[in-house]
There are 4 protein chains.
Amino acid sequence: MVVVMRQNATEDEIQGVMRVAQNAGLQVHISKGEERTIVGLIGDVRRLDPDTVAFLPGVERVVRILQPFKLASREFMQMRSRVSVGGVVFGGDSEEVPVIAGPCAVESEESMLRIARLVADAGATVLRGGAFKPRTSPYSFQGLGEPGLRILAKAREQTGLPVVTEVVSPQDVELVGAYADALQIGSRNMHNYALLHEVGGQPKPVVLKRGMMSSIDEWLMAAEYILSAGNSNVILCERGIRTFETSTRNTLDLSAVAVVKKLSHLPVIVDPSHATGRADMVVPMAMAAVACGADGLMVEVHDDPASALSDGPQSLTPGAFASMMRSLKPVAEAVGRRIALPPACEASPRREAAGEP
Amino acid sequence: MVVVMRQNATEDEIQGVMRVAQNAGLQVHISKGEERTIVGLIGDVRRLDPDTVAFLPGVERVVRILQPFKLASREFMQMRSRVSVGGVVFGGDSEEVPVIAGPCAVESEESMLRIARLVADAGATVLRGGAFKPRTSPYSFQGLGEPGLRILAKAREQTGLPVVTEVVSPQDVELVGAYADALQIGSRNMHNYALLHEVGGQPKPVVLKRGMMSSIDEWLMAAEYILSAGNSNVILCERGIRTFETSTRNTLDLSAVAVVKKLSHLPVIVDPSHATGRADMVVPMAMAAVACGADGLMVEVHDDPASALSDGPQSLTPGAFASMMRSLKPVAEAVGRRIALPPACEASPRREAAGEP
Amino acid sequence: MVVVMRQNATEDEIQGVMRVAQNAGLQVHISKGEERTIVGLIGDVRRLDPDTVAFLPGVERVVRILQPFKLASREFMQMRSRVSVGGVVFGGDSEEVPVIAGPCAVESEESMLRIARLVADAGATVLRGGAFKPRTSPYSFQGLGEPGLRILAKAREQTGLPVVTEVVSPQDVELVGAYADALQIGSRNMHNYALLHEVGGQPKPVVLKRGMMSSIDEWLMAAEYILSAGNSNVILCERGIRTFETSTRNTLDLSAVAVVKKLSHLPVIVDPSHATGRADMVVPMAMAAVACGADGLMVEVHDDPASALSDGPQSLTPGAFASMMRSLKPVAEAVGRRIALPPACEASPRREAAGEP
Amino acid sequence: MVVVMRQNATEDEIQGVMRVAQNAGLQVHISKGEERTIVGLIGDVRRLDPDTVAFLPGVERVVRILQPFKLASREFMQMRSRVSVGGVVFGGDSEEVPVIAGPCAVESEESMLRIARLVADAGATVLRGGAFKPRTSPYSFQGLGEPGLRILAKAREQTGLPVVTEVVSPQDVELVGAYADALQIGSRNMHNYALLHEVGGQPKPVVLKRGMMSSIDEWLMAAEYILSAGNSNVILCERGIRTFETSTRNTLDLSAVAVVKKLSHLPVIVDPSHATGRADMVVPMAMAAVACGADGLMVEVHDDPASALSDGPQSLTPGAFASMMRSLKPVAEAVGRRIALPPACEASPRREAAGEP
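Residues numbered from 1 in each chain as written. Chains lettered and ligands numbered in written order. Predicted model: local features only at pLDDT ≥ 70, side-chain atom pairs only at ≥ 80, totals over all residues. Heavy atoms only, no water.

### A few points about the overall build of chain A
1) Next: The secondary structure content of chain A amounts to 12 helices and 16 strands.
2) Next: Once the C-alpha set of chain A is aligned to its principal axes, its extents read approximately 75 × 45 × 40 Å.
3) Next: Here chain A, with 357 residues, has 66% of them falling under the buried criterion.
4) Next: Taking the contacts inside chain A whose residues are at least 6 apart along the sequence as the reference set, 68% of them involve residues at least 24 apart.
5) Next: For chain A, the computed accessible surface area is about 11600 Å², with 49% contributed by carbon and sulfur atoms.
6) Next: The distance from the centre of the 36 positive side-chain charges to the centre of the 41 negative ones in chain A is 1 Å. (Helix = DSSP H or I, 4+ residues; strand = E, 2+ residues; numbered from the N terminus. Buried < 20%, exposed > 50% of the residue type's maximum accessible area, 1.4 Å probe, protein only. Contact = heavy atoms within 4.5 Å. Areas by Shrake-Rupley, 256 points an atom, 1.4 Å probe, with all protein chains shown as cover. Lys, Arg positive; Asp, Glu negative; His and termini not counted. Charge placed at Lys NZ, Arg CZ, Asp CG, Glu CD.)

Shown next, in the form of structure tokens:
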């Protein structure tokens, strides 16, 4: 931590900063420039709130040198970590790029099972589908709840694909964890620390979506909440940030993929469906995501988008999804990877047929 | 709802939109322009998801005509609603502008009681202080929890001021409601619908902070969650939005005060402390807030900001707070209002003395 | 400038940074921490591009300590500077708050003269009106050009009010300067350095609007362009920044007023008309601007907003403007200032009558 | 254009809107809903400013149905247009993806010629280099001016590669056009309409960078300025937008590539160097850009980034550039395209050798 003193800071004020630093067990280095004195604090500064120092008399500003996250950082773990969702591996040194697919919300057993089979046939390796839906309007469909979870479990049985689904409240974590292979924290809950703490205390892997209003640092701090509560199986998911541009729902920040891979060992995947909110943008953004190194994709698919109970316009039809899977294959190969195959599964004889998407 | 068809939409596609609209019990008006056909849908369109229509074949885009919120809207209730927090009135046709003040977090009984007395003496009408703190870092102080709530109750006893404090998890709503006069939903939880639903199901008033990257529409939709769950006592609190500007922590959006007063009947107050994150910006922004019609203020005060456990740099000292209260008086009068006096309270004989800040 | 080395930077890499610094005539201080080595560069670092250093081997990042602007800074000039526009004083220690008013564009001699008289009668102290209009669409009205300037000069003659008008191209600076009392640089041209340089080389004062997506630092750097070209008469004008919020055209950043007054000696005024784009928001935001210390206001007024050739919806009617002027008076007094009176002027006998708005 | 009337708009107010519309030669359709009356205006509404209508009594808001741009739109020209820069083709149905490369600024003849040869050898098809540099600080290097242009011409002679360079002032358009094969309008000048008009009146193609604060609609309107002034050879260049995220200099908006290709027939290329401001992000973003359909790339290359006079940290070394060119090849092929070869050129015998990058 570097403390920049005001131009006319007194000797007493400089001593004041030094005292606070030494009380926190830190060493101090003073540099007197022509226009400013700078105080460097050395040691484990994570325990000292920069804001506290910033308020001391004579201090102009405080500059953080170290990243605020630790367990999530590349410095803590040099090797990229692997996270397995029901046997499907994300990240690490894996060449595979798994694709998670399914409807935004579980609407009925019939439609969920039908869509699950279609995406499995097209080469998806993990199923998605929301039983608890955070919706902007209290009058919108909020999800089926536990019956939706049972439907997802049935879809897993029939297709052999592991299942990821969202949890929106700490009380539901145990319930959702009993059915799902991975728990998803949605964009609107990335700062819901009570929820982060709860999913950190259970063993299932967590797909942590970036808050639409969150910096990459804050996103990694949210991961740190989960990691520090004991769960090291976190997959980060970039899903677009809020900007002034309105032609897409959010602005997909693909450079975040490259930034995260520099800063953190955690796998990072991309959700082009929520990022753009437009089915016609999903394929080009999925292609771009794989080309810049994403460790996986999460894509919405619905066989009747016009009557979907949520997020219809951003869902691919199964046909468009199958076509996208074919297009992704050479792109993945062009960057030395391959689109992951579904896990072997006895329950699903169609798996073999679908093996080569 | 207005549906704009693509330039070359076919008659069949136009019929398709009409069918969906009529199935939803809506009337339809067709306007054929030179370049586009436009279909107007008339009736209670809130039940029809615009996104569903947007995905129909031949549709270019869908334009919402009505606001998505209803109970929060000025059309639903023409008169501005009054919300009482332990006898202190916000909004309605009240001329009074109450000031909520106190430390960011409850740190100890001693410091809380001391600061409470200081702000009461300076003319604050409601106390604030966090017992549950949502913090970006899992390593930062997270609040005292229930012991903090007991300290707040003691501060109320000693000063006679009602107390507002934050709740961060649905499980804690009952507990916090047992101690506090009003529950606060913080900026990071504005989209935590499980929490909104829970505070909507209990009787204490709710101070709903705007999400730091939430539009005014989304903020009013969050209020709608609480209102539709049965609690009509909602106070909106503008606290800055996230922008590209970094010289203040967030950008205080004072025009939101004027916009909200047009769109909604709910009282709207301003928190200049969190908005700017800088003690030296709190006073000018508080002055501006009162001048443009805010129904109240929420300000952080700490008697030792440098050792505060959270948000030190944005806290006013008690002396600066007392000085601000004196400066606010003529501004409030210049716009035909007055800074509210504390509620009469036997427990606090110093009330009278403090009556004229 | 503080240079943070990578965790595993070599001694050679540290020496490399020292060499570059010493070649630039800077002194060097080294602090070796547990996790990082930090190199402080001391001296006139403005000549050394931080980006150059950032790219040296072993460097993690570079932190600027000093502000990048110099002539515009409060450190360069402790006293706030006064800028006179045709005798009307902005800033310095002046208690006066001048109000600039008029139509967005000069549309015809008749309408300009009529509106000029109306705003003068209501207490405006400077006239505004655009003869050159930067418009998003090439098909929109682009201003009358030189004939518009002649009309403005005539309006000045008739009302005695000095005139400020926009210049959009370096070639036009001399022409506009021959007619106007102050030149305005619009938001879209704040980064037009050729234009900034040109207005810096002539003697008329410059009203420099903040770019709608420019940081305060960049805005002060744009002022630095003008100051460093020899013209010290710069008035800064906050006019809203672009954010994700769409209920107002831009988001008025009133904290910028307070920030600028800390960082710079230059006067800072506020334009609530362009910031909000809504006539019904102009008055509350004007009140707020004066309450937080703005050194002046710039407001659009049109007597027939519905047929205005540009920016109708944000213009006040003359009646609303006169009413606003009355409302501003007590707010200015509440903060120890007063709304400026028009300059004494023989050409305008109605001046006296209008003296008390 | 659709005009939404206020809930309690009178018959007179509706008539008022109809009158204005009919005066503008438009037809009118009225739809009376339960809560609102809607007036549809039909005909060439581009001549009617929506803001004018928005201000009429009784009007709640106005919704634009048609895009504000015409010549730039896909509706005006269904086939994608081809733009040739000195024989190198961008856009249209071309399978080729040309790469523009070179230093940010022309610093000296020696360095420019050396870098030009290196990028030509690595497979670049167009040279870039700034002779006029718009810089945030007046104290930064502003470019060599005309001598820089002469150096660029010499580099073209030696390498056979056409040259694109920035123009920052209307006065310089003729001069720059005399040397360059294409003129670049930089991000900060996208709203400099005087400059857009001037480059629209000369024959050389124009590379129009997106303003860092500009929506896609505004960007296409800036293109419309050039097209409507008579120059149809416009290449759009996405180069990142300003957001709240600070880990990259700007946020590269790759979905803009897909959006532009839907809305416009103009070619669209991507500049990952300025977008990210970090050399280590250039390669992954270049890969992503090609994968999502960009019609070309513009990349900064410098053989001594640490001593570059501008934008060092975002420049690739020639070695990294050559490696990127090899990596791009299979990505382009995976999406059915190929990285363009340099134009045949007698002046450059090394062309053949470089033919297979």
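### Comments concerning the environment of N231(B)
Residues and elements named next belong to chain B.
1) Next: Its place among the elements puts N231 in the loop between α7 (216-228) and β13 (234-238).
2) Next: Taking the C-alpha atoms as reference points, N231 and V199, separated by 32 residues in sequence, lie 7.7 Å from one another.
3) Next: Looking at N231, its side chain comes within polar contact range of the main-chain oxygen of V199, at 3.3 Å.
4) Next: Only 2.9 Å separates the side chain of N231 from the backbone nitrogen of N233, close enough to count as a polar contact. (Polar contact = N/O pair within 3.5 Å; in protein donor to acceptor, adjacent residues only side chain to side chain.)

### Here we look at the pairing of strand β12 (residues 206-209) of chain B
Residue and element names in this part refer to chain B.
1) Next: Of the two faces of β12, the one carrying V206 and L208 and the one carrying V207 and K209 are both buried.
2) Next: Of the strand pairs in this sheet, strand β11 (residues 182-185) and β12 are connected by 3 bridges, and their pairing is parallel. Within β12, the position partnered with L183 by the bridge is V206.
3) Next: Considered for its hand, the β-α-β crossover made up of β11, helix α6 (residues 193-200) and β12 is right-handed.
4) Next: Summarising the sheet, β12 and β13 pair through 4 bridges and their orientation is parallel. Each residue of the ladder has a partner; that of V206, found in β13, is V234. (Pairing = 2+ DSSP bridges. Right-handed = clockwise from strand over helix to strand, strands pointing away.)

### Brief notes about the sheet that holds strand β2 (residues 27-32) of chain D
All names here are of chain D.
1) Next: Taken in spatial order, the 4 strands line up as β2-β3-β1-β4 in an open sheet, and their pairing is antiparallel. Either end of the sheet is taken by a strand with one partner, and the two such strands are β2 and β4 (59-63). With strand direction ignored, the average angle separating the axes of adjacent strands in the sheet is 20°.
2) Next: By the bridge criterion, 3 bridges tie strand β1 (residues 2-5) to strand β3 (residues 37-42) in an arrangement that is antiparallel. If you follow V2 over to β3, its bridge partner there is G40. (Axes fitted to C-alpha atoms, helices over the stretch in contact; angles between N-to-C directions.)

### Looking at the pattern of salt bridges
1) Next: Under the counting rule described, the total for this entry stands at 78 salt bridges over all chains.
2) Next: Note that D253(A) and R210(A) form a salt bridge whose closest N and O atoms lie 3.0 Å from each other. Taken together, the residues D253(A) in the loop between β13 (234-238) and α8 (255-263) and R210(A) in the loop between β12 (206-209) and α7 (216-228) connect sequence positions 43 residues apart.
3) Next: A relative accessible area of 0% places R210(A) in the buried class.
4) Next: Here E333(D) and K329(D) are joined by a salt bridge, their closest N and O atoms 3.9 Å apart. Separated by 4 residues within a single helix, E333(D) and K329(D) lie in helix α11 (residues 318-334), roughly one turn from each other.
5) Next: Taking the relative accessible area as the measure of exposure, E333(D) reaches 45% and is therefore partly exposed.
6) Next: For K329(D), a relative accessible area of 33% puts it in the partly exposed group.
7) Next: In the salt-bridge network here, residues are joined through shared partners; they are R80(A), K261(A), D295(A) and R337(A). (Salt bridge = Lys/Arg side-chain N within 4 Å of Asp/Glu carboxyl O.)

### Focus on the interface of chain B and chain A
1) Next: The interface is formed by 43 residues belonging to chain B together with 43 residues belonging to chain A.
2) Next: Taking both sides of the interface into account, the surface hidden between chain B and chain A amounts to around 3700 Å²; carbon and sulfur atoms contribute 60%.
3) Next: Sorting the residues of chain B by area buried against chain A places F55(B), Y139(B) and M213(B) first, and these three jointly supply 18% of that buried surface.
4) Next: For the side of chain B that touches chain A, the elements supplying multiple residues, two or more each, are α2 (50-54), α6 and α7 of chain B.
5) Next: Of the residues forming the side of chain B that touches chain A, the biggest block, 5 residues, is contributed by α7(B).
6) Next: Of the residues that constitute the side of chain B that touches chain A, the class distribution is 20 nonpolar, 15 polar and 8 charged. (Buried area = accessible area lost by both parts, 1.4 Å probe. Nonpolar A, V, L, I, M, F, W, Y, C, P; charged D, E, K, R; others polar.)

### Thoughts on the domain arrangement of chain A
1) Next: Taken domain by domain, chain A comprises domain 1 (2-63) and domain 2 (82-353).
2) Next: For domain 1 of chain A and domain 2 of chain A, the distance between their C-alpha centroids amounts to 44 Å. (Domains from an automatic or database assignment.)

### Re the pairing of strand β8 (residues 99-102) of chain C
Residue and element names in this part refer to chain C.
1) Next: Neither face of β8 is open: one carries V99 and A101, the other I100 and G102, and all of them are buried.
2) Next: Bridge count between β8 and strand β15 (residues 297-300): 4 bridges; the pairing is parallel. For V99, the partnering residue across the bridge sits in β15 and is L297.
3) Next: In this fold, β8 hands off to helix α3 (residues 109-122), which returns the chain to strand β9 (residues 126-128); that crossover is right-handed.

### A few points about the side chain of S187(C)
1) Next: Relative to the elements of secondary structure, S187(C) occurs in the loop between β11 (182-185) and α6 (193-200).
2) Next: Engagement of the side chain of S187(C) in a polar contact is seen with the backbone nitrogen of M212(C), the distance being 2.9 Å.

### With respect to the relation of the copies chain D and chain A
1) Next: Relative to chain A, chain D is turned by 180° and slid 0.0 Å along the rotation axis, the superposed coordinates differing by an RMSD of 0.0 Å. On this basis, the relationship between the two copies can be described by a two-fold rotation axis. Distance from the rotation axis, computed per C-alpha, reaches its smallest value in chain D at A288(D): 2.0 Å.
2) Next: Taken as a fraction of all interface residues of chain D, those also at the interface in chain A reach 100%, which identifies the copy contact as same-surface. (Least-squares fit on C-alpha atoms with pLDDT ≥ 70 in both.)

### Topic: the interface of chain D and chain A
1) Next: Taken together, the contact between chain D and chain A spans 35 residues of the former and 35 residues of the latter.
2) Next: When the two sides are added together, the surface that chain D and chain A hide from each other amounts to roughly 2600 Å², 74% of it contributed by carbon and sulfur.
3) Next: Our count for the contact surface shared by chain D and chain A stands at 4 salt bridges.
4) Next: With a shortest N-O distance of 2.7 Å, E245(A) and R210(D) are connected by a salt bridge.

### Concerning the sheet that holds strand β4 (residues 59-63) of chain B
Residue and element names in this part refer to chain B.
1) Next: On the basis of which strands lie adjacent, the open sheet formed by 4 strands has the order β2-β3-β1-β4 and antiparallel pairing. The open sheet has two free edges, formed respectively by β2 (27-32) and β4, since each of these has just one partner strand. Taken over all neighbouring pairs, the strand axes of this sheet differ in orientation by 20° on average, direction set aside.
2) Next: As paired elements, strand β1 (residues 2-5) and β4 share 4 bridges and run antiparallel to each other. Across the sheet, residue V2 finds its bridge partner in β4, namely V63.
3) Next: Here helix α1 (residues 11-23) sits on the sheet in contact with β1, β2, β3 (37-42) and β4, set at roughly 155° to β2.

### Notes on the packing of aromatic side chains
Residues and elements named next belong to chain B.
1) Next: Per the counting criterion, the structure on display carries 4 aromatic pairs over all chains.
2) Next: Consider the rings of Y193 and Y225, whose centres lie 4.6 Å apart with planes at 20°: the pair is stacked. Residue Y193 is found in helix α6, and its partner Y225 is found in helix α7; the two are separated by 32 residues along the sequence. For the residue pair Y193 and Y225, the accessibility class agrees, reading buried in each case. (Phe/Tyr/Trp six-rings, centres within 6.5 Å; stacked < 30°, edge-to-face > 60°.)

### Here's the deal with the relation of the copies chain B and chain A
1) Next: Rotating chain B by 180° about the axis while translating it 0.0 Å along that axis superimposes it on chain A, leaving an RMSD of 0.1 Å.
2) Next: Interface overlap between copies: 98% of the residues of chain B at the interface are likewise at the interface in chain A, consistent with a symmetric, same-surface contact.

### Description of the packing of helix α3 (residues 109-122) of chain D against α11(D)
The description of two packed helices rests on the angle between their axes and on the distance between the axes.
All names here are of chain D.
1) Next: Running from amino to carboxyl end, α3 crosses α11 at an angle of 20°, the nearest separation of the two axes being 9 Å. Taken together, α3 and α11 sit at an angle that is classed as roughly parallel. At the point where α3 passes α11, the crossing takes the right-handed sense. Counting all contacts with α3, which are made through L118, V119 and A122, the residues of α11 involved are P318, F321, A322 and M325.
2) Next: Here the residues of the contact of α3 with α11 are counted per class, giving 7 nonpolar, no polar and no charged. (Parallel < 35°, antiparallel > 145°, perpendicular 65-115°, else oblique. Left-handed = near helix turned anticlockwise from the far one by under 90°.)

### Thoughts on the packing of α6(C) against helix α7 (residues 216-228) of chain C
All names here are of chain C.
1) Next: Across the interface, α6 lies against α7 with an axial gap of 7 Å and an inter-helix angle of 45°. By the angle class used here, α6 and α7 are oblique. Viewed along their axes, α6 and α7 form a crossing whose handedness is right-handed. Facing α6, whose interface residues are Y193, L196, V199 and G200, α7 presents A222, Y225 and I226.
2) Next: By residue class, the composition of the contact of α6 with α7 is 6 nonpolar, 1 polar and no charged.

### Concerning a nonpolar patch on the surface
Residue and element names in this part refer to chain B.
1) Next: Where nonpolar side chains cluster on the molecular surface, the patch consists of F76, M77 and M79 and spans about 330 Å² of accessible area.
2) Next: If you trace the backbone, M79 turns up in the loop between β4 and β5 (82-85).
3) Next: On the accessibility criterion, M79 (65% relative accessible area) is exposed. (Patch = residues over 30% accessible without salt bridge, like charges linked within 9 Å, V, L, I, M, F, W, Y side chains within 5 Å.)

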